[in-house]
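What follows is the residue order along each chain.
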Amino acid sequence: MPVVTVDWWSGFGPEERRDLSRRLTASVVAVTGCRPDSVTVIIRDVERDHWARGGVLADERSPRAAEPGPPSREERDEQQDAPIRPAGSEAEEGPSRPATPRQ
């Protein structure tokens, strides 16, 4: 029974949680061969004042050093349509987006 836990900043809505849950489940099924109903996904929203890196709370970081919040719908759509490059091609073309199965 695989269990996947995601801690992310608050601000994502039900649609994003649903999409993340489906994609993570599909990925675990593809890798392990287990049934989808045996995969558990736990998604925990964390407020920025409860998230620190290097001893500095996220809500106290300067804007340029702050972590990005949830992407806009347009940014997600662009990421979804971005080509998937084979592993090892990052050095030449920048970081690749992990492969995610479409349903």
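Residues numbered from 1 in each chain as written. Predicted model: local features only at pLDDT ≥ 70, side-chain atom pairs only at ≥ 80, totals over all residues. Heavy atoms only, no water.

Chemist: Mind showing me how you'd approach the nonpolar core here?
Modeler: Counting residues in hydrophobic clusters, the biggest one holds seven residues: Val4, Val6, Trp8, Phe12, Val28, Cys34 and Val39. For this core, the element with the most residues is strand 1 (residues 3–9), which contributes three residues. If sequence neighbours within four positions are ignored, Val4 has contacts with Leu24, Val28, Thr40, Val41 and Ile42. (Core = buried A, V, L, I, M, F, W, Y, C linked by side-chain atoms within 4.5 Å. Buried < 20%, exposed > 50% of the residue type's maximum accessible area, 1.4 Å probe, protein only. Helix = DSSP H or I, 4+ residues; strand = E, 2+ residues; numbered from the N terminus. Contact = heavy atoms within 4.5 Å.)

Chemist: What exactly am I supposed to notice about the side chain of Glu16 here?
Modeler: Inspection of the secondary structure assignment puts Glu16 in helix 1 (residues 14–32). Within the local environment of Glu16, its side chain forms a polar contact with the backbone nitrogen of Gly13, the two atoms lying 2.8 Å apart. (Polar contact = N/O pair within 3.5 Å; in protein donor to acceptor, adjacent residues only side chain to side chain.)

Chemist: Looking at this model, I keep getting lost on the packing of aromatic side chains. Mind explaining?
Modeler: To describe a pair of aromatic rings, you give the distance between the ring centres and the angle between the ring planes. Within this structure, the stated rule accounts for two aromatic pairs. Note on Trp8 and Phe12: the rings are 3.9 Å apart at their centroids and 15 degrees apart in plane angle, and the pair reads as stacked. One exposure class covers both Trp8 and Phe12, and it is buried. Between Trp9 and Trp51, the aromatic rings sit 5.7 Å apart at their centres with planes inclined by 80 degrees, giving edge-to-face as the arrangement. (Phe/Tyr/Trp six-rings, centres within 6.5 Å; stacked < 30°, edge-to-face > 60°.)

Chemist: Can you walk me through the pattern of salt bridges in this structure?
Modeler: Side-chain pairs of opposite charge can arise whenever the charged atoms involved come near each other. In total, this model carries four salt bridges according to the counting rule given. Across the pair Asp45 and Arg17 runs a salt bridge whose closest N-O atoms are separated by 3.8 Å. You can see Asp45 sitting in strand 2 (residues 40–46) and its partner Arg17 sitting in helix 1, a full 28 residues away along the chain. Residue Arg17 is classed as partly exposed on the basis of its relative accessible area of 28%. (Salt bridge = Lys/Arg side-chain N within 4 Å of Asp/Glu carboxyl O.)

Chemist: I'm lost on the pairing of strand 1 in this one. Help?
Modeler: A regular strand places its side chains so that they alternate between the two faces of the sheet. As defined by bridge partners, strand 1 adjoins strand 2 across seven bridges and the pair is classed as parallel. Looking at the pairing, Trp8 lines up with Asp45 of strand 2. Note on the crossover from strand 1 through helix 1 to strand 2: the handedness is right-handed. (Pairing = 2+ DSSP bridges. Right-handed = clockwise from strand over helix to strand, strands pointing away.)

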